[in-house]
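Okay, here's what each chain looks like letter by letter:
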Amino acid sequence: MNVTQNTEAQRMSFWEKLYLPAIVQGLGVTLRQMFRPKFTRQYPEERWEPLGSYRGSPVLVLDEDGERCVACGLCSRVCPALAIEVQAAETEREKERYPVKFEINMLRCIYCGYCEEVCPEEAIVMSKDYELVFEDRESAILGKEQLLVPIEKLQDRLEFLRRYK
Amino acid sequence: MPELLVQFVIAGVKAFIVVNTVLLAAATLVYVERRVAAWIQDRIGPNRVGPFGLLQPFADVLKLYFKEDLVPALADRAYHRLAPLISIAVALSLYAVIPIADYVVIGGERIPLSVAPGINVGVLYILAMTSIGVYGIVLAGWASNNKYSLLGGLRSSAQMISYELALGLSIVGVVMVAGTLDIAEIIARQKHVWNIVYQPLGFLLFLVASFAETNRAPFDLPEAEPELVGGYHTEYSSMKFGLFFLAEYSNMVVASLMMATLFLGGWHVPFVPELPQWLGLQEGSIGLALFQAAVTVAKTAALLFLFIWVRWTVPRFRYDQLMRLGWRVLLPFALLNIVVTGTVLLALELV
């Protein structure tokens, strides 16, 4: 049913019905808006530096004694996207075990950080890397040599984990 | 050389300059529109191609050229092809009668600076040509064999026809005050007092009607994206789409130029009409012509900015609101304007 009494149009005053004052007011708003500072980040030149709490692509920690990973396979087990594949082997070193093969399929990874959470050795952590671009599917499967990152570059994340984990 | 050939060459050169300037201006306008829109929306806008992104329009046009030119399977091919041509041809031919500056004297020859000078029905010519522009849009909508295109075309034609009345009638006041339909003559009479002073209501009506006439926001119903995809040019791609786009912006330039010449004194400087004489610019010299052209362009640019500014401020009208505004507000006010103008003119002559 159509409402015919006390409608918006009837309640408006003469000047409101003209619309012009309102339009001029609106123009004033947009004009002011034009001179306000912009928030846009000019991306390739101006990069964003994430905080330690940021979960970028998962990487393997490489400290003074070499890789930390002992190939327990927990990360692979917990990964909800089945992105991680680990193959263990024995070694002469103190830790006795190391991963012969450690692959993360970045097409599958959902950056949930469970692998990092479950790792008993703090060997896999989330880095700050968010620029993940691949030219084909094969190159999106990262092997050990791409995943190992020196510990110095991961200090922010390790600090964050120590404090909040 | 025979006299006719000389005239032909002069007109040709002027037309060449005007057409190319207009095309360049339309391209630049697209860039300006995107930049201003971005600023209003707290963004930066295109700033990558060339300094400040100034080469963006050229990149856009180049991109359009490389696009595939698609014609829908069941479209009427001939009309589908003809429609953008009509649009752009009409848009460009409008510039023929609008003078940018007064005249120059080159080699003893007095050359008025509009492509077709001395047309004593200049205003009528423009109104007539804009009406033909509707054909381009209707044909585009119909020939595409697409319901959205057709609806867009229909809306557009209904809108343009409705607002043409108000547009034409709002100019009548100016014509009555000036006593002539020759645009150069109308400008010449505005040397001391601009027509906007005599015809404030006329100017407002013309402004609103020309927003509708050029299919610009808040009256951009023919291409209301949420309802009609792209409107009448949904089925156009590549440079055919580019031509519609160009025609639209070119029409905007024409509307602004019309307002600048009919209401805002054309090439006359505000408050100090004698400024060029004080600067020592000779009547008929190229310097004066350039000065006048600069004034006209400045006024046009300001109005074009208004077009863009309004587009990013006011929301789109509903179709029934559009029609009501056209027929029940603008048209009666335009008629009232004529009556009042006529009465005042008559009274002044009697006094």
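Placed above this text is the structure.
Our subject in this report is the structure included herewith.

Criteria and cut-off values
- Residues numbered from 1 in each chain as written.
- Chains lettered and ligands numbered in written order.
- Predicted model: local features only at pLDDT ≥ 70, side-chain atom pairs only at ≥ 80, totals over all residues.
- Heavy atoms only, no water.
- Pairing = 2+ DSSP bridges.
- Helix = DSSP H or I, 4+ residues; strand = E, 2+ residues; numbered from the N terminus.
- Salt bridge = Lys/Arg side-chain N within 4 Å of Asp/Glu carboxyl O.
- Buried < 20%, exposed > 50% of the residue type's maximum accessible area, 1.4 Å probe, protein only.
- Contact = heavy atoms within 4.5 Å.
- Buried area = accessible area lost by both parts, 1.4 Å probe.

Sheet analysis places strand E1 (residues 103-106) of chain B next to strand E2 (residues 109-112) of chain B, joined by four bridges and oriented antiparallel. Each bridged residue has a counterpart across the sheet, and for Val104(B) the counterpart in E2(B) is Ile111(B).

Residues and elements named next belong to chain A. According to the stated counting rule, one finds 18 salt bridges over all chains in the structure shown. Put simply, Glu131 and Arg47 hold a salt bridge, and the shortest N to O gap is 2.2 Å. In this pair, Glu131 is assigned in the loop between strand E5 (124-126) and strand E6 (141-142) and Arg47 in the loop between helix H3 (20-34) and strand E1 (58-63), connecting sequence segments 84 residues apart. A residue is classified by how much of its surface remains accessible, and Glu131, at 33% relative accessible area, is partly exposed. Beyond isolated ion pairs, a larger network of salt bridges with shared partners links Asp63, Arg68, Glu122 and Arg162.

Glancing now at unusual backbone geometry. Within the chain, Ala71(A) stands out as a residue other than glycine whose phi angle is a positive 55 degrees. Here Ala71(A) lies in the loop between strand E2 (66-67) and helix H4 (74-78). Even without being glycine, Asp42(B) reaches a positive phi, approximately 60 degrees. Inspection of the secondary structure assignment puts Asp42(B) in the loop between helix H1 (3-40) and helix H2 (56-66).

Further remarks concern the interface of chain B and chain A. With 15 residues of chain B at the interface, the matching set in chain A holds 17 residues. Around 1,400 Å² of area is buried between chain B and chain A when both sides are counted, 67% of it from carbon and sulfur atoms. The largest share of the area that chain B buries against chain A comes from Asp42(B), Arg48(B) and Trp309(B), three residues that together contribute 39% of it. Here chain B is connected to chain A by one salt bridge. Ionic pairing is found between Glu45(A) and Arg48(B), a salt bridge with its closest N-O pair at 3.0 Å.

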